[in-house]
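# Architecture at a glance
Each chain, written out:
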Amino acid sequence: VNMPINDKLFVVQSEIIKELAAGNESAVIVGRCADYVLSGYQNVVKIFVCADFDKRMETVSERHGLTPAQSKDLIVKTDKRRANYYNYYTGKKWGKIENYDLVINSSKSGVDGAVKVIKAMLED
């Protein structure tokens, strides 16, 4: 089939995600529209982790050694790319809480706190 490379990549990634979901082991899939790809599957928990913009800038600056202006630019461009990708392939709006079972603001909980909340939810 003659389709754009991005679409071919999405199809291959979706097949891999479905293979993982069909297996006997648990898996964590970050991004790749996995919530959409696995929408008909049982035992799927859709989680969105967000953070306040200032905290994200601080984290990106530290992690990548960037100035605040560079961090802001990177975050804005990355969010735009993620939103465009998700919106295009799913027909949904990226980041809308209705698309997820759990939304965590890691600015409030910290990364370790977010992990604790997720683990507690999955243990029930």
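Residues numbered from 1 in each chain as written. Predicted model: local features only at pLDDT ≥ 70, side-chain atom pairs only at ≥ 80, totals over all residues. Heavy atoms only, no water.

## Some thoughts on the packing of aromatic side chains
- Enumeration according to the criterion identifies six aromatic pairs in this entry.
- Aromatic pair F48 and W94: ring centres 5.6 Å apart, planes at 75°, arrangement edge-to-face. Residue F48 is located in strand β1 (residues 47-50), and its partner W94 is located in the loop between α4 (68-90) and β2 (102-105); the two are separated by 46 residues in the primary sequence.
- Site record: aromatic cluster; members linked through ring pairs are F10, Y85, Y88 and Y89.
- The ring of Y85 has R32 lying over it, and the distance from NZ or CZ to the ring centre is 4.8 Å. (Phe/Tyr/Trp six-rings, centres within 6.5 Å; stacked < 30°, edge-to-face > 60°. Helix = DSSP H or I, 4+ residues; strand = E, 2+ residues; numbered from the N terminus. Lys NZ or Arg CZ within 6 Å of the ring centre and 35° of its normal.)

## Considerations on the pattern of salt bridges
- Overall, the coordinates contain five salt bridges when judged by the stated rule.
- Among the salt bridges present, the one from R56 reaches D79, with a minimum N-O distance of 2.7 Å. Taken together, the positions of R56 in helix α3 (residues 53-64) and D79 in helix α4 put the pair 23 residues apart, joining distant regions of the chain.
- Given the relative accessible area of 15%, D79 is considered buried.
- The salt bridge involving K96 is made with E98; its shortest N-O contact spans 3.8 Å. (Salt bridge = Lys/Arg side-chain N within 4 Å of Asp/Glu carboxyl O. Buried < 20%, exposed > 50% of the residue type's maximum accessible area, 1.4 Å probe, protein only.)

## Examining the nonpolar core
- Listed in full, the 10 residues of the largest apolar core are F10, I17, C33, A34, V37, L38, F48, Y86, Y89 and Y100.
- Taken together, the elements giving at least two residues each to this core come down to α1 (5-22), α2 (34-37) and α4.
- Once you skip the residues sitting within four places of it in the chain, Y100 turns out to touch D35, K46, I47, F48, Y86, W94 and G95. (Core = buried A, V, L, I, M, F, W, Y, C linked by side-chain atoms within 4.5 Å. Contact = heavy atoms within 4.5 Å.)

## Describing the packing of α1 against α4
- Close contact between α1 and α4 brings their axes to 12 Å; oriented N to C, the two are set at 75°. One way to sum up the angle between α1 and α4 is to call them roughly perpendicular. Contacts between α1 and α4 involve N6, D7, F10 and Q13 on the former and, on the latter, Y85, Y88 and Y89.
- Residues that form the contact of α1 with α4 fall into these classes: four nonpolar, two polar and one charged. (Axes fitted to C-alpha atoms, helices over the stretch in contact; angles between N-to-C directions. Parallel < 35°, antiparallel > 145°, perpendicular 65-115°, else oblique. Nonpolar A, V, L, I, M, F, W, Y, C, P; charged D, E, K, R; others polar.)

## Things to note about the side chain of S106
- Among the structural elements, S106 can be located in helix α5 (residues 106-123).
- Once you skip the residues sitting within four places of it in the chain, S106 turns out to touch V49, C50, A51 and V111.

## Let's talk about unusual backbone geometry
- A positive phi angle is found at C33, which is not glycine, with a value near 60°.
- Mapped onto the fold, C33 is located in the loop between α1 and α2.
- Even without being a glycine, N43 presents a positive backbone phi close to 55°.
- Looking at the secondary structure, you find N43 in the loop between α2 and β1.
- Note on N43: relative accessible area 81%, which makes it exposed.

## With respect to the confidence of the model for the protein
- Per-residue confidence for the protein gives a mean pLDDT of 94; residues scoring 70 or more make up 98%.
- Mean pLDDT values over the elements of the protein span from 93, in α5, up to 97, in α4. (pLDDT = per-residue confidence, 0-100.)

## Regarding the pairing of β2
- Side chains L102 and I104 of β2 all project onto a buried face; the interleaved residues V103 and N105 project onto a face where none is buried.
- One ladder, built from four bridges, connects β1 with β2; its direction is parallel. From the neighbouring strand, I47 faces β2, where its bridge partner is L102. (Pairing = 2+ DSSP bridges.)

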